[in-house]
Amino acid sequence: GFWKKIHGSRYQSAGLPDIIGCLQGQFYGLEAKLPGKQLTELQKATLEQLSESGAVVGVVHSITEALHLIEEQLTSSNQE
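The structure reproduced in this document is the subject of the present report. (Residues numbered from 1 in each chain as written. Predicted model: local features only at pLDDT ≥ 70, side-chain atom pairs only at ≥ 80, totals over all residues. Heavy atoms only, no water.)

### Digging into the packing of aromatic side chains
The relation between two aromatic rings is expressed through the spacing of the ring centres and the mutual angle of the planes.
Move 1: All told, the structure shown has one aromatic pair when counted by the stated rule.
Move 2: With centroids separated by 5.4 Å and ring planes inclined at 50°, the aromatic side chains of W3 and Y28 adopt a geometry described as tilted. One end of the pair, W3, is in strand 1 (residues 2-5); the other, Y28, is in strand 3 (residues 26-32), and 25 residues separate them in sequence. (Phe/Tyr/Trp six-rings, centres within 6.5 Å; stacked < 30°, edge-to-face > 60°. Helix = DSSP H or I, 4+ residues; strand = E, 2+ residues; numbered from the N terminus.)

### With respect to the nonpolar core
Move 1: Of all hydrophobic cores here, the largest spans eight residues; its members are L23, Y28, L30, V56, V60, A66, L69 and I70.
Move 2: Residue assignment for this core shows that the elements contributing at least two residues are strand 3, strand 4 (56-60) and helix 2 (63-79).
Move 3: Considering each element in turn, this core owes the most residues, three residues, to helix 2.
Move 4: Excluding residues within four positions of it along the chain, I70 makes contact with W3, L23, Y28 and L30. (Core = buried A, V, L, I, M, F, W, Y, C linked by side-chain atoms within 4.5 Å. Buried < 20%, exposed > 50% of the residue type's maximum accessible area, 1.4 Å probe, protein only. Contact = heavy atoms within 4.5 Å.)

### Notes on unusual backbone geometry
Move 1: One non-glycine residue, Q24, lies in positive phi territory at about 50°.
Move 2: With respect to the helices and strands, the residue Q24 is situated in the loop between strand 2 (19-23) and strand 3.
Move 3: Taking relative accessible area as the criterion, Q24 reaches 64% and is therefore assigned exposed.

Functional significance is not addressed by these values, which are geometric in nature.
Listed below in structure tokens is the structure:
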């Protein structure tokens with residue numbers, strides 16, 4: 001797959017997920033958060049827009065959670 005860590009700056013659109021990727025033709029947008037931290041309204045809106053466009057989105061708190069989300073998606077896609 002293709003994966004990139006997005007480092008926010010003033011030179012790009014605000015609200016983009018921290019990790020974007022594409023695996024087996026499926027786009028992913030993952031927002032990484034420390035435990036106890038919440039999404040901003042802009043992050044919520046961006047994830048919702050991505051989801052409505054067909055992307056797999058999620059909020060993850062660890063690498064393990066990110067891998068689990070991706071594995072679940074691959075499993076459910078292979079069962080269809």
